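One letter stands for each residue in the lines below.
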Amino acid sequence: MYGLVNRAVEQLVEQHLGPTGWARVCKQAGIADDGFVAISAYPDQMTYKLVGAVSQEMGMSPEQVLEAFGEYWIMYTAEEGYADLLQTAGTSLREFLGNLDQMHSRIETVFAQMVAPVFSVEDEGPGRYVLLYQSQREGLAPMVVGLVKGLAKRFDQPIAIEQLPSRAGFAGVFRIQEA
Ligand code: HEM
């Protein structure tokens, strides 16, 4: 994945464990501690190894790490020059989720080799909808839970999110109920 993702992992770890904690994570993951270039593509395996090492270092499951990372990503991208992109993608959580693919495709000019996820939304009733997630990658559904929680905070919209049994061809199906 693009270095921007790995850099966000680095920032999150440094916030909790400081630079020495990050150095330990890199050592454990077998990755050089010399920084990532945001707009360079790195092997996905590197990101998965980092998540594994953070999980060990912080005593959290890899799923918990991914969820925390997803939530953090919303704040991180807003501070790293993507605030306008977030701003124009919607004025409510529901609207934003419906525009996720368009939002990712707008940054394909910067991240040309990006393998973006695909999202769709099915409305079930007032303030209640299902988010469908398709991905070329394995195991990132917990990150989507964190991303939605981070977005809900951004919109000051209390929600409950539950992961439903997946459907064929999807990497994750989530029901969101606005409070
Ligand atoms: C301005 C904000 C955002 C930026 C700049 C951004 C950018 C990116 C980038 C660069 C990747 C890595 C793709 C690759 O290296 O192939 C990625 C992946 C991903 N993004 Fe976004 N993104 C943003 C917001 C969001 C939001 C709000 C969601 C909410 C659901 C989201 C969901 C994902 C997921 C799930 C992946 C993992 C890819 C996969 O499943 O294969 N992103 N994004």
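Remember, it's a predicted structure, so these values are computed and weren't measured experimentally.

**Q** Could you give me a rundown of the overall build of the protein chain, with the residues and numbers involved?
**A** Counting secondary structure elements, the protein chain contains six helices and four strands. A compact globule built from 179 residues would reach a C-alpha radius of gyration of about 16 Å, and the protein chain, at 16 Å, matches this within 12%. The dimensions of the protein chain, computed from C-alpha atoms along their principal axes, are 50 × 35 × 30 Å. Each of the 179 residues in the protein chain was classed as buried or not, and the buried ones make up 43%. Sequence separation of at least 24 residues holds for 60% of the intrachain contacts in the protein chain that already meet a minimum separation of 6. Working note: accessible area of the protein chain is about 9300 Å², and carbon and sulfur atoms make up 51% of it. Here the protein chain holds 13 positive side-chain charges and 22 negative ones, and the gap between their average locations is 2 Å.

**Q** Can you explain the packing of aromatic side chains? Please cite residues and give values.
**A** On inspection of all chains with the given rule, the structure shows nine aromatic pairs. When the ring of F36 is compared with that of Y42, the centres are 5.3 Å apart and the planes differ by 90°; the resulting orientation is edge-to-face. The same class applies to F36 as to Y42, namely buried. On the basis of an interplanar angle of 65° and a centroid distance of 5.9 Å, the ring pair of F96 and F155 is categorised as edge-to-face. Of this pair, F96 sits in helix α4 (residues 93-98) while F155 sits in the loop between α6 (141-154) and β3 (159-164), placing them 59 residues apart in sequence. Through a chain of ring-to-ring contacts, three or more aromatic side chains come together here, namely F69, Y72, W73 and Y76. The ring of Y129 has R94 lying over it, and the distance from NZ or CZ to the ring centre is 5.8 Å.

**Q** Give a description of the coordination of the iron atom of the ligand that names residues and reports values.
**A** On the protein, H104 (NE2) is the one donor atom to the iron atom of the ligand, at 2.1 Å. Residue placement: H104 occurs in helix α5 (residues 100-106).

**Q** Could you give an account of the sheet that holds strand β1 (residues 118-125), naming the residues involved and the relevant values?
**A** Pairing within the open sheet is antiparallel, and its four strands lie in the order β1-β2-β4-β3. A strand with exactly one partner marks an edge of an open sheet, and here the two such strands are β1 and β3. For this sheet, the mean angle separating the axes of adjacent strands, direction not counted, is 20°. Two elements, strand β2 (residues 128-134) and strand β4 (residues 172-178), share six bridges in a ladder whose sense is antiparallel. The residue of β4 that forms the bridge with Y129 is I176. Strands β1, β2, β3 and β4 of the sheet are contacted by α6, whose axis makes an angle of about 165° with β3.

**Q** Outline the environment of Q163, supporting the account with residue identities and numerical values.
**A** Of note, Q163 is situated in strand β3. By relative accessible area, which is 46% here, Q163 ends up partly exposed. Along the sequence, Q163 and R175 sit 12 residues apart, while their C-alpha atoms lie 6.4 Å from each other. Excluding residues that lie within four positions of it along the chain, Q163 makes contacts with A141, G172, V173 and F174.

Reading guide: rules and limits
Residues numbered from 1 in each chain as written. Predicted model: local features only at pLDDT ≥ 70, side-chain atom pairs only at ≥ 80, totals over all residues. Heavy atoms only, no water. Helix = DSSP H or I, 4+ residues; strand = E, 2+ residues; numbered from the N terminus. Rg over C-alpha atoms; globule rule 2.2 N^0.38 Å. Buried < 20%, exposed > 50% of the residue type's maximum accessible area, 1.4 Å probe, protein only. Contact = heavy atoms within 4.5 Å. Areas by Shrake-Rupley, 256 points an atom, 1.4 Å probe, with all protein chains shown as cover. Lys, Arg positive; Asp, Glu negative; His and termini not counted. Charge placed at Lys NZ, Arg CZ, Asp CG, Glu CD. Phe/Tyr/Trp six-rings, centres within 6.5 Å; stacked < 30°, edge-to-face > 60°. Lys NZ or Arg CZ within 6 Å of the ring centre and 35° of its normal. Donors = N, O, S within 2.8 Å, 3.2 Å for Na, K, Ca; no water. Pairing = 2+ DSSP bridges. Axes fitted to C-alpha atoms, helices over the stretch in contact; angles between N-to-C directions.

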